[in-house]
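# A look at the structure
Spelled out from the first residue to the last, the chains are:
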Amino acid sequence: MLTKFETKSNRVKGLSFHTRRPWILASLHSGVIQLWDYRMGTLIDRFDEHEGPVRGVHFHKSQPLFVSGGDDYKIKVWNYKLRRCLFTLLGHLDYIRTVQFHEEYPWIVSASDDQTIRIWNWQSRTCISVLTGHNHYVMCASFHVKEDYVVSASLDQTVRVWDIGALRKKTVAPADDILRLTQMNTDLFGGGDAVVKYVLEGHDRGVNWAAFHPTLPLIVSGADDRQVKLWRMNDTKAWEVDTLRGHVNNVSCVMFHARQDIIVSNSEDKSIRVWDMSKRTGVQTFRREHDRFWILAAHPDMNLLAAGHDSGMIVFKLERERPAHAVYGGVLYYVKERHIRIYDLTSAKETAVVSMRRANTTGMNQGPRSMSYNPAENAVLVCSDVDGGSYELYMLPKDSSGRDSQEPKRGVGVSAVFVARNRFAIIDRASNQIVLKNLKNEVTKKCPLPLSSIDALFYAGTGNLLCRAEDRMVLFDVQQRIILSEIQTPFVKYVVWSPDMENVALISKHAFVIASKKLEHTCTVHETIRIKSGAWDETNVGVFIYSTLNHIKYCLSNGDSGIIKTLDVPVYIVKVMGGVLYCLDRDGKIRTLQIDSSEYTFKLALIKRKFDEVIQMIKNSQLCGQAIIAYLQQKGYPEIALHFVKDERTRFNLAIESGNIAIAVASAKEIDEKGHWYRLGIEALRQGNHEIVEYSYQKTKNFERLSFLYLITGNLEKLRMMMKIAEMRNDIMGRYHNSLYLGDVQERVKILEESGQLALAYATAATHGLEETASRLADELGDKVPSLPGNAELLLPPVPVIRDGNWPLLLVTKGLFEGAFGDTGAMDMEEDEIDAQAWGEEVEIAEAAENGDEVQREDVSREEEEEDGGWEMEDLELPADMSTTDNFSVAATAFIAPSPGVPVSQSWTIKSSLAGEHAAAGAFDTAMRLLNRQLGIKNFAPLKPLFEDLHMASHAFLCSLPVIPVTPLAIEKSSESPSSNARSPPALIYSLSLLEDKLKAAYKATTEGKFTEALRLFLSLLHTIPLVVVDNRKEVDEVKELVSICKEYVLALRIELKRKETKDDLVRQQELAAYFTHCNLQNVHLKLSLQSAMALTYKGRNFNTAGTFCRRLLELNPPPQTAAKARQVLAACEKNPRDEAQLNYDPRNPFTVCGATFTPIYKGSKDVSCPYCAARFVPDIAGSICNICELSVVGADASGILCSMTQVR
């Protein structure tokens, strides 16, 4: 018996397995019904509404129901999902012994001590038939699985078979004559629905149990005469076949095994007996010391039995179901149906190679237990428990015909395993030795066991054995007879070596240990349910895949584990390779499972620090979920976890942990809670990001901290403003602190005087030399003028030497994960803070309530800054003479001046084809020619200040004595060349990062509705880009993308400004608003443009067009308030879907907008484009300066932008 689960409780009288879930119901003599999960070994629920013992219980096959019957004469039907009794069936007049659901019909059969069997309809909740005939207690009654029969056993020493065919017909098609029977007659005489078919007499005492065979016409019964009888029946009669004797007390329960030709019985003699059905002899007996057995139950599909006894129950198997197998290369060797079979895992071809002749065995569980394969000699060792441990040695034929029925070489010994190409080892129990034999089964060597408690051997490489003791595994060298190493483990059942023999997994019942080949411990993993098998992933080295009763899981070398797949039935893994798992099931069938290895491949790459693979997996795979986030956070990679998280609170925590202020700010704005702003302020202060600290303190209205921040950063203007705010808030202490920070003595005196502290005011004024104020206060104080100490000092803060915002940051290499996922960081726009009025008018709908957003200005000076406007380019004061004189006075005739070399700036122009480097060298003419050839630029007026700035910034001018001319020095990039003579390109002031900052400012101005400012910034970007120089192809692509972005925004902003100029023509305004929505903008700006277009077209009564804008807006998932308004407008438009004015706008026909005329150029129409910014124009514009970039000639031929030497190479 293989015990799988055991409980301790009151006497168990009824048992029932669930058909699909690993559950079992146990009804107790105490009146409680317990619901157990026998896999997990946990009590799921208990039901205790019965009064007195509950003797019968049964699960429904498909519904979430079970039925119980007890000594309180009640039958209760329960819903285990609702965890309550649904209804009670009353009718029996004595103890109820058994209850059972029908497989197909809504019936329950019950047997009772009132000498009747009742059949109930649990849907109508009525008794539909009473079976009378027994003249003593009816101990059990059950339906046949397929036929219309009921079998019952009674203490009247008979077994009865009842035909309920009429009841089934009545249920399917009720007949009038049957319906005429009254309920009273049915109760008294049983009615005509069920009739006795056979009465089986043969037992000498009362019969306790009778059961049908599921498929054969057989019945088995057990009685108080200590006998088990086997009966056969046909259509006309039933007769006794045989009697099984062996029990020494009353037989409580007996049944046929569902999957084997055996009978299982239990008895009050404290034993369970297994009988061979064909030989009619006892096969095996299991005994308990003190507990009588009362009930048996069998799982309908699985090889599981349960038995209830005086102090609980046991769930057990009679035989192991694991097929003996071994894997070598791509071939699986296994035993099935008395054959050794081979299965090619690549071709999926199966062959039976050797027929096994099973030795004469008595008893269960005598099949093959394990297998060892010898690839050198193509031999197989099969071990079993026959005779206390034995082995069979087979030489596999080369032809693999399957007809070979060779007589194997047999022997007695435990754990036979190959240890060399022509040697295998066994444990000889008698002599307590390890015996080595050759392939002729001859003993070649003996050596004592390294430990006396060793009971099993496992392969550990040539010449080595892994020996299992009670609490350890020992690595034993057979030749030297020494223990090489050992490791403490739970009791090991299976050993799995990695393909390279570098690692080993030692599998126990509820845990496994991973160790190196020298048994150095790597990790231990514990499971709550049984571990069944395991194999190493041959594709991802270092990953161990294992199966439990209901999962396939993985384990990494650091002990991290996780679930790969859920199983319906247990499987035994034999090989894992390339995302495919090969396994055997309990029937010996080979199954192939596709597994998703992305999670453990990701973790493996993280452990091995292969970050390029990590980035690739995050981009391409569907990895997500709290488990991955928690794992990354736990392993110290919160910056990677950020890319999996959508929840703003989790994002905020991860951003703070990883120090990513930009994402933390965005999340804090979404959450908008005081605690989060406070934490953001702490982190920003730690990083020296004073702007964010200031923003956080403003959000939390933490005026004290804000004042101190302005003090330490030297921001006196805002400190004065804080003093004004404190005055407005009537915060006297705040005013006083701020005046202290500012060193404003007069304000301090004023505050003290207003507060009534005249003595302190006098002391402050007198100490700081405010004599007039001091004398006035002295007059007011009169005799109470305080005396001042002689050593009084001025209390004034130091004047800030330098006022700077954030701390300077080191230039470090960009983090591996920064920007790898297309993050926009601080460039993301916050929709909740957008002032929609700057974009256009609101839609007024009668049904909608107007809710204007109140924007609180926290900073008074912000308005002043906005009014100043713009990116101001200050003129540099250039020296009048930037060139050195060529004539030098010769001091002595002996000295010959060296010939001048090539100026650095000249070398720049010789080497480079980049316009920016030519401008830096001062070669403006060649720079202009390059730009004309590359981009078709003709209008160089906007580029003049940029040329000058580039040239000046790339040179330093050294002044020495007044009589010596100024010496210009060219500033080069830092050179990586070891040669001091090698010249580097110029250091330019315009970089990609500078352009990105300017782009953020332009986005911000666009969002705030400052379209003129935004247009100026985007044009400035377009004018700067031709002079930018970058280092690699990736940055070249970014520059090209930047040109495209700027072109779209300049076009959009010109359209919007044109619309605002066109005040009188409402139709033209609507057209321009519609064109605006077709520019390729960021989502936040597109939403705003759609709102504006929706409002204009709705007011212009072009409801059909307004409806299209509403739908497009709703598709972009706008904020709730905007979405609500859009739905209201859409509803209003759908009531009247027509346009009053004809617009030059067809949303169904793709088009681009002409950058000069602002009219649509539909697909298929002729057009011309700008060679630089790629803006499209109607053909009439060809030859004129582009209206978008203001630089190039429309329609001119050009080679394209050149901003990196990698494009030239």
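Quick summary incoming for the structure in this document. This structure is a prediction, so every number in the text was calculated from the model and none was measured. Residue positions are given per chain, counted from 1 along the sequence in the order it is written. Owing to the predicted nature of the model, reporting of local features is limited to residues with pLDDT of at least 70; listing and counting of side-chain atom pairs is limited to 80 or more, with chain, interface and lining totals taken over all residues. Side-chain descriptors were evaluated using all non-hydrogen atoms of the structure, hydrogens and water having been removed beforehand.

Here the focus is the overall build of the chain. In terms of regular secondary structure, the chain is built from 30 helices and 61 strands. In the chain, buried positions account for 49% of the 1209 residues. Partitioning the contacts of the chain with sequence separation of at least 6, the portion at a separation of at least 24 is 49%. A run of DSSP states H or I qualifies as a helix once it reaches four residues; a run of E qualifies as a strand once it reaches two. Both are numbered from the N-terminal end. Three exposure classes are used, based on accessible area relative to the maximum for each residue type with a 1.4 Å probe and protein chains only: buried under 20%, partly exposed in between, and exposed over 50%. By definition, residues are in contact when any of their heavy atoms lie within 4.5 Å.

Within strand S13 (residues 126-132), five of the seven residues are buried, which leaves it mostly tucked inside the rest of the structure. Of the pairings in the sheet, the one linking strand S12 (residues 116-121) to S13 comprises six bridges and is antiparallel in character. Counted as the bridge partner of Thr-116 is Thr-132 from S13. Hairpin remark: S12 followed by S13, antiparallel, with four residues in the connecting loop; positive phi at Arg-125, about 65°. Two strands form a pair only when DSSP identifies at least two bridges running between them.

Time to look at unusual backbone geometry. For Asn-432, which is not a glycine, the phi torsion comes out positive at approximately 55°. Mapped onto the fold, Asn-432 is located in the loop between strand S38 (423-428) and strand S39 (433-438). Look at Ala-1174: it is not a glycine, yet its phi comes out positive at around 65°. Positionally, Ala-1174 belongs in the loop between strand S60 (1168-1169) and strand S61 (1176-1177).

Before going further, it helps to examine helix H12 (residues 703-713). By the burial criterion, the buried members of H12 are Leu-706, Ser-707, Leu-709, Tyr-710 and Thr-713. On an axial view of H12, the arc spanned by its buried residues comes to 160°, and they lie on one face. Exposed residues on H12 whose side chains face more than 90 degrees from its buried face are Glu-704 and Ile-712. Elements in contact with the buried residues of H12: helix H10 (674-687), helix H11 (690-700), helix H13 (716-728) and helix H14 (732-742). Among the residues trailing H12, Gly-714 stands out with phi positive, at a value near 75°. What the arc describes is the spread of directions from the helix axis to the C-beta atoms.

A separate point is the nonpolar core. Within soluble globular proteins, side chains that are nonpolar generally end up buried alongside one another. Counting residues in hydrophobic clusters, the biggest one holds 92 residues, and the most contacted among them are Leu-931, Phe-1018, Ile-1055, Tyr-1172, Phe-1177, Cys-1186 and Ile-1188. Top contributing element to this core by residue count: helix H25 (residues 1033-1061), with 11 residues. Put simply, buried Ala, Val, Leu, Ile, Met, Phe, Trp, Tyr and Cys residues joined by side-chain atoms within 4.5 Å make one nonpolar core.

With that settled, consider the packing of helix H16 (residues 758-767) against helix H17 (residues 771-781). Helix packing geometry: the angle between the two helix axes and the distance between the axes. Put simply, H16 and H17 touch, their axes get as near as 8 Å, and they point 150° apart. In this view, H16 runs roughly antiparallel relative to H17, as classed from their interaxial angle. Between H16 and H17 the crossing geometry is left-handed. Residues Leu-758, Ala-759, Ala-761, Tyr-762, Ala-765 and Ala-766 of H16 lie in contact with H17, whose contacting residues are Thr-773, Ala-774, Leu-777, Ala-778, Glu-780 and Leu-781. Residues were grouped as follows: Ala, Val, Leu, Ile, Met, Phe, Trp, Tyr, Cys and Pro as nonpolar; Asp, Glu, Lys and Arg as charged; and all remaining residues, including Gly, as polar. Across the contact of H16 with H17, the residue classes break down as 10 nonpolar, one polar and one charged. In this description, a line fitted to the C-alpha atoms serves as the axis of each element, helices being fitted only across the stretch in contact, and the angle between N-to-C directions of two axes falls anywhere from 0 to 180 degrees. Each angle gets one of four labels, with under 35 degrees taken as roughly parallel, over 145 as roughly antiparallel, 65 to 115 as roughly perpendicular, and the rest as oblique. With the far helix as reference, a near helix turned anticlockwise by less than a right angle produces a left-handed crossing, and one turned clockwise produces a right-handed crossing.

With that out of the way, let us pick up the sheet that holds strand S29 (residues 325-328). If you walk across this open sheet you meet the four strands as S29-S30-S31-S32, and the pairing is antiparallel. The sheet terminates laterally at S29 and strand S32 (349-355), the two strands that pair on one side only. The sheet shows a mean angle of 20° between the axes of neighbouring strands, taken without regard to direction. Note: S29 against strand S30 (residues 331-336), four bridges, orientation antiparallel. In the strand pairing of S30, Val-327 is matched with Leu-332.

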